[in-house]
Amino acid sequence: MDRYLLRYFLAVAELGSFSKAAARVSVTQPTLSVGIAKLESEVGARLFERTTRRVSLTPAGSRFLVHARRISLEFEAALREVSETPQLKRVRAGVLSTIPARDLERVVAHHGKQSGGEALEILDSTERDIANRLSDGRLDAAITILRPGLDSFAQEKLRSERYVLFVAASHKLAGAQSVDGGELAGETMIVRRQCEGLPEISRYFTNRDVRPSFSLRTLNDDRAMSMVAAGLGVTVAPESFKRPGVAAVQLAGFSLSRDVGLVFSDRVRERSGAFVEAVRATFGVSARRKTR
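This write-up is about the structure you can find in this document. (Residues numbered from 1 in each chain as written. Predicted model: local features only at pLDDT ≥ 70, side-chain atom pairs only at ≥ 80, totals over all residues. Heavy atoms only, no water.)

**Considering the pattern of salt bridges**
Applying the stated criterion to the full structure yields 24 salt bridges. Measuring nitrogen to oxygen at the nearest pair gives 3.0 Å for the salt bridge that ties Asp-140 to Arg-92. A residue pair is termed long-range when its members are at least 10 positions apart, and Asp-140 in the loop between helix H6 (127-135) and strand S5 (141-145) and Arg-92 in strand S3 (residues 90-96) qualify at 48 residues. The partner of Arg-280 in a salt bridge is Glu-277, and the shortest N-O contact between them spans 2.5 Å. With Arg-280 and Glu-277 both in helix H9 (residues 274-283) and three residues apart, this pair spans about one turn of that helix. What makes Arg-280 buried here is its relative accessible area of 6%. Connected through salt bridges with shared partners, the residues Glu-14, Arg-24, Arg-69, Asp-129, Arg-133, Asp-136 and Arg-138 form a single ionic network. (Salt bridge = Lys/Arg side-chain N within 4 Å of Asp/Glu carboxyl O. Helix = DSSP H or I, 4+ residues; strand = E, 2+ residues; numbered from the N terminus. Buried < 20%, exposed > 50% of the residue type's maximum accessible area, 1.4 Å probe, protein only.)

**Considering the packing of helix H5 (residues 101-114) against H9**
For any two helices packed against each other, the geometry comes down to the angle between their axes and how far apart the axes lie. Taken N-terminus to C-terminus, the directions of H5 and H9 make an angle of 130 degrees; their axes are 8 Å apart at the nearest point. In terms of orientation, H5 lies oblique with respect to H9. The two elements H5 and H9 cross, and the hand of that crossing is right-handed. Taking contact as the criterion, the partners of Asp-103, Arg-106, Val-107, His-110, His-111 and Gln-114 in H5 are, on H9, Ala-274, Phe-275, Glu-277, Ala-278, Val-279, Ala-281, Thr-282 and Phe-283. Looking at side-chain class alone, the contact of H5 with H9 contains seven nonpolar, four polar and three charged residues. (Axes fitted to C-alpha atoms, helices over the stretch in contact; angles between N-to-C directions. Parallel < 35°, antiparallel > 145°, perpendicular 65-115°, else oblique. Left-handed = near helix turned anticlockwise from the far one by under 90°. Contact = heavy atoms within 4.5 Å. Nonpolar A, V, L, I, M, F, W, Y, C, P; charged D, E, K, R; others polar.)

**A short note on the nonpolar core**
The biggest cluster of nonpolar side chains holds 28 residues, and the ones touching the most others in it are Leu-134, Ile-143, Leu-158, Leu-262, Phe-275, Val-279 and Phe-283. Among the elements of the structure, S3, H6, S5, strand S12 (257-264) and H9 are those that each provide at least two residues to this core. If you tally residues by element for this core, the top one is H9, at five residues. Setting aside chain neighbours within four positions, we find Leu-134 in contact with Leu-139, Asp-140, Ala-141, Ala-142, Phe-153, Val-263, Phe-264 and Ser-265. Val-25, Leu-47, Phe-48 and Phe-64 belong to the second largest nonpolar core, which has 21 residues in total. (Core = buried A, V, L, I, M, F, W, Y, C linked by side-chain atoms within 4.5 Å.)

**Notes on the pairing of S3**
A regular strand places its side chains so that they alternate between the two faces of the sheet. S3 sits mainly inside the fold: five of its seven residues count as buried. With respect to chirality, the unit in which S3 leads through H5 into the neighbouring parallel strand S4 (residues 119-125) is right-handed. The pairing of S3 with S5 spans three bridges and is classified as parallel. Opposite Ala-93, over in S5, you have Ala-141 as the bridge partner. (Right-handed = clockwise from strand over helix to strand, strands pointing away. Pairing = 2+ DSSP bridges.)

**Here we look at unusual backbone geometry**
Positive phi values are uncommon outside glycine, yet Ser-26 reaches one of about 60 degrees. Its place among the elements puts Ser-26 in the loop between helix H2 (18-24) and helix H3 (29-43). Positive phi outside glycine occurs at Asp-209, with the angle close to 55 degrees. By the secondary structure assignment, Asp-209 is in the loop between helix H7 (198-206) and strand S9 (213-218). The class for Asp-209 is exposed, based on a relative accessible area of 61%.

Here's what the structure looks like:
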């Protein structure tokens, strides 16, 4: 069995989408579909249920997923063992896409000064993908939101922060301490499409009969904040998104917050090293704060 077929299968299984999986493995969607069809022919069973709305594993696909993950891990382990070239210690780190880029920049800069020969491999991804990769050992650690589903992993809390309204520094609300969502009926909103708090944010405004117009919908948080600074609209985001050119205003009656932490794979025995220390230094954590 060709290894690339396993890569295709694992990508579709984890992302639940042929188009997203094709982007991850850097092939076109038709190429990936042909590969999955070839794999299904080789194993003699249909691996995915496909509808116009979703892609899910069949019972046979779920059973095959266990073996595919193990084969992939063992293949990578075999390559490391037989390599004749001494390898640097490599840390595979996941970073949630909604962690501000400047935080990651500071982590990487600090790591570069104190790496001690430790190589760093970063994956920028979603909560679900990061959790899956921690579970099967494809990540050593991750900066992500601490959720109940991650309770089985060792954790260090890095930051607690509220979601606030961001407006341009020149906006009429820029000097306000707090504003009720009902007062924003005439505002134009910028939607951060990958925001993990989007359902709660939408519910907050809907409950106040606020249905604003939208000037931008984007997956890029840096672009969203730049457009807020430029005056294109206002948005709701975690407090750590504060940057020059924008002002943060509390939303009355809106208490949504998130805990950001460092989560370790069960396969990691030593919860130390240049990357871990760089994260602690960046977030101002002087000692380990385990949540379990």
